[in-house]
Structure formats: C-alpha cells, structure tokens
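Survey of secondary and tertiary structure
Now for the letters of each chain:
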Amino acid sequence: MIKTDALIIGAGPTGLFCAHQLGLIGLNCEVVDNLDKIGGQCIELYPDKPIYDIPAVPECTGEELTNNLIKQIKPFNIKFHLNERVEEVNKVNDKWIVKTNKNKEFETPNIIIAGGVGSFEPRKFSPKECEKYENRSLFYSIKDKTIFQDKTISIFGGGDSALDWAIELSKTSNVNLIHRRDEFTGAQLSVDKIKELEKSGKIKIFTKYQLNSVKGEQNIKSIEIKHDNKSLEELETDYVLGFFGLIMKLGPIVDWGLNLNKKTIQVNTENFETNLNGIFAIGDICTYPGKLKLILSGFHEGALAARGCFKYARPNEKLRFEFTTTSKAAQERLGVKK
Amino acid sequence: MPKITYLEDSGKSHTIEVSNGLSVMEGAVQNDIPGIDADCGGGMACATCHVYVKEEWFDKLPKKEDGEEDMLDMAFEPKQNSRLSCQILVSDELDGLTVSIPSKQG
C-alpha cells in the first residue's frame, strides 16, 4: 500500500502543474497515467503542433510544454506510475483506497482527477466479429513481433504506426497494407520506403479499401475488404493489425458516484472539489459555469485544488498564503540555492 | 438564423436554428444532440464530431483542409461524404443543411 497526501490521475499539463502546486505547499503526491509517457493530450495528440496561448510563452509545442513542466516539478521528486489505469476507489476511514489495473494500491486523503477527456484507448474496427479475434489474431498494438514471422499480415491505417510496422514486418512476413484513401499521413520517408517495397514485391498496397468482414474459426483465415466503388476483395491472412490512433474513454470513473455532466465531472469553483469529499477534478475533465477547455484554466484549477487538498492531508495545520519570491519554505522545497 | 438538421443513426431527426459563425458541431453540442461527442472541443484533434453530409450539400461546403482528411482516417466508418462537423461553419448559405450522425464515434 502506497501512502501519499494526494494521488493525481493524469499526467497531462494540468496534472503536472497541480503536482507542482502541491509540492510548493509541502504536500507529496504520486501520479498515475494510462499512457506510457508523461504529457497527456499534448504528447499524444499534438507533440509537434505549436500552442500560442500559454501566458508568457508566445509559442511552444506540446512536447516543449511537457518538458518544461517536468523540469519545473523536478525538485519534488514525484513518482509516476505510467501504463497504469485507476480502476476502483473506496472510502475507508476518511481515506481513499485506490486500486489500479496492475493491482497497485494507494491510500490517500485526496484524489485529483486530471484525466483530460478520459483515458486513451485504441480505436477499433467496425465489423462486430473483430472483437472475437482481438488479442489472438487481431491487434491494435504489438507486444511480441516474433509471432508474425513467415505469416501473412494485413495492416490497416495510413499513419506512422501503420507504415512503420508495415516496413518492419515486411522483413519477415508477407504484408498487405490497406488504407481508406490514396494519401498516407505518415512521414514522407516512410511513404517512399513503402512504395519502394511495393515495387520489389515485399508489400501489397490496397488503397481506397476498408475492412468489410473477417472469416475464420479460432483464428482469422481471411478478410474481405471493400473498395470505395463497392467492389469486394478477399485476402487470406493470418493476422490483422489496425492502427487508427487513440480515442478517449471516461472508463471506470463513471462508476465512482461522481456527479457527471455528459463526459465531464461537476465541480465547485472554490477548490474544484466534486460532490465527494477529497475528490477533485481539474482540467478538461471538469465542468462548471463558464468552463473554458484551455491549458491555462487547468493551471488555475490545479493551484486551487492543491490548496483544497491541504485540509484533508494536514487537518491540524493552517495553510498560509505565500509567494515563491519571498517564502523561505517554498524556496527550500524548490531546492533554491542562495 | 439558418436551420440545420441533425439525423441520428436511429432515424430520429432534430432541426435546430444555429447562429451564423458557430460550427455545426457547436450547434449540436449546445443543443444536446446525441452522437456528436467533440472530445477535443473543436481542435481537429479527435474525429469524434464525425458526420455524413447529404450529397446535394457536400459539394456546397468549403473544401476540407489537409488536417481534416488526416483525422477522418481515424473516424469510425468514414465514407466519401464524411466531414468533421467542427470544421463546417454555419452561414446563411447553409440554411437547410442536413448531416447524418454515425452509429458511434469510435
């Protein structure tokens, strides 16, 4: 059981800055995120796209913003639990007991949900029968590429993941690459390589096709793909891979008893606490009258939520308002050398 | 105000007045039309405000930008007449526009 003053769910910019604010007022915290890296939507959706509305930062990319936030919280040595999703929360004697999908347990008086629009999950194929083959002969990510050796693999998608895996697997397998239109969105270098591999017969490319149906018993035997002009083509295949990016799902949060408004959590604007004492929600996932889904709003919400955590984490102490420019305690926590 | 019709996958139809300058997505979200999630809030970053535009209207809409087509690759069951509703701005010329909402957004 890990004991902490606050558990932050979500390692996007809002969660990161909230960790900083907790650190400044002397509270410790740990951060859980379903993704394999820190940064949330900034890293997953737009690492290279410039952002122009961070106060005092005229322009930065999602990746730069994330790196700077990581640097800013470095003095607090915050522990991250990546690739991990919070499944269950229960209140036991004034503390929240939080369980993750990897059976890790936390005991904390405060949970701060900074989950963006939920956790990222792969987008799936539309034909219903696909589900039955999932994780056996149909995958949305690859853990062990050796299983594909000398097999026929049909890869769907036009982005970098689809192209990179088509190139990689073409070394040891027969690869069909299927995409809904002629243009690929992956890096030009990869597109050129794919075209080259097609010419030398290493990859078969089918454009303007989408998956229509899957046939097989225990495992997939063949798939049927449909052209824009409605013509069908059957391909024998051992494995099917789909790379359609990620979609955000609220996930287990819907079962925690929080007041929800569609996919968002209702909070007060004093400290962004939810209807459950000690559970706060900040950033894109929270809603209140006038809510703006901006990173800067998330920063504000995180600063207030951190202070809201104080009374539960240090019930016998008083929190005094201080500036980092003059507070000795804050500067010590930041490791400022004079 | 221009009238926009949103057709749910079930066949249920909602005709709503949407102010000029709002997107077709915003018109749906502000009026609680089910089936348009718009997770990213209109940033062309999620493909969860995907709609099908009736053919007679499709060609009348301003052309897609590159980024929109890239996002449509990720959409659930994209078709030739797919658009992201956050990228369609309402104007008087679009009075009477009908969009169909897919069975799900992903």
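Nothing here was measured: the structure is a model prediction, and the numbers come from that model.

A few points about the overall build of chain B
- Scanning chain B from terminus to terminus reveals three helices and five strands.
- What you see in chain B, going N to C, is helices and strands ordered as β-β-α-β-α-α-β-β.
- Over its C-alpha trace chain B gives a radius of gyration of 12 Å, about what one expects of a compact globule, namely 13 Å for 106 residues.
- Across its three principal directions, the C-alpha atoms of chain B cover 30 × 30 × 25 Å.
- For chain B, buried positions account for 40% of its 106 residues.
- Across chain B, every contact between residues at least 6 apart in sequence was considered, and the portion connecting residues at least 24 apart equals 66%.

Some remarks on the sheet that holds strand β8 (residues 95-100) of chain A
All names here are of chain A.
- A sheet is described by the order of its strands in space; here four strands give the open sequence β1-β9-β8-β7, paired in mixed fashion. Sheet topology places β1 (2-3) and β7 (86-92) at the edges, where each strand pairs with a single neighbour.
- Relative to β8, β7 is paired through six bridges, and the arrangement is antiparallel. Looking at β8, one finds that V86 is bridged to T100.

Details of helix α3 (residues 62-72) of chain A
All names here are of chain A.
- By the burial criterion, the buried members of α3 are G62, L65, T66 and L69. All buried residues of α3 lie within an arc of 100° about the axis, which places them on one face of the element.
- Structurally, α3 contributes buried residues whose contacts are with α1 (13-24), α2 (41-44), β4 (50-51) and β5 (60-61).

Some remarks on the packing of α1 of chain A against α3 of chain A
Residues and elements named next belong to chain A.
- Look at α1 against α3: their axes get within 9 Å of each other, and the N-to-C directions meet at 20°. With respect to their mutual orientation, α1 and α3 come out roughly parallel. Classified by chirality, the crossing of α3 by α1 is left-handed. For the pair α1 and α3, contact is made by P13, L16, F17 and H20 and by L65, T66, L69, I70 and Q72, respectively.
- Split by residue class, the contact of α1 with α3 holds six nonpolar, three polar and no charged.

Re the sheet that holds strand β2 (residues 13-17) of chain B
Residue and element names in this part refer to chain B.
- Strand order in the open sheet formed by five strands is β2-β1-β5-β3-β4, with mixed pairing between adjacent strands. In this open sheet, the two edge strands, each paired with only one partner strand, are β2 and β4 (82-84). Each strand axis lies, on average, 35° off the axis of its neighbour in the sheet, ignoring direction.
- Direction of pairing for strand β1 (residues 3-7) relative to β2: antiparallel, over a ladder of five bridges. If you follow I4 over to β2, its bridge partner there is I16.

Some points on the domain arrangement of chain A
- By the assigned domains, chain A splits into domain 1 (2-121 + 247-334) and domain 2 (124-244).
- Spacing between the C-alpha centres of domain 1 of chain A and domain 2 of chain A amounts to 38 Å.

The rules behind the values
Residues numbered from 1 in each chain as written. Chains lettered and ligands numbered in written order. Predicted model: local features only at pLDDT ≥ 70, side-chain atom pairs only at ≥ 80, totals over all residues. Helix = DSSP H or I, 4+ residues; strand = E, 2+ residues; numbered from the N terminus. Rg over C-alpha atoms; globule rule 2.2 N^0.38 Å. Buried ≥ 20, exposed ≤ 12 C-beta atoms within 10 Å, placed from the backbone. Contact = placed C-beta atoms within 7 Å. Pairing = 2+ DSSP bridges. Arc of directions from axis to C-beta. Axes fitted to C-alpha atoms, helices over the stretch in contact; angles between N-to-C directions. Parallel < 35°, antiparallel > 145°, perpendicular 65-115°, else oblique. Left-handed = near helix turned anticlockwise from the far one by under 90°. Nonpolar A, V, L, I, M, F, W, Y, C, P; charged D, E, K, R; others polar. Domains from an automatic or database assignment.

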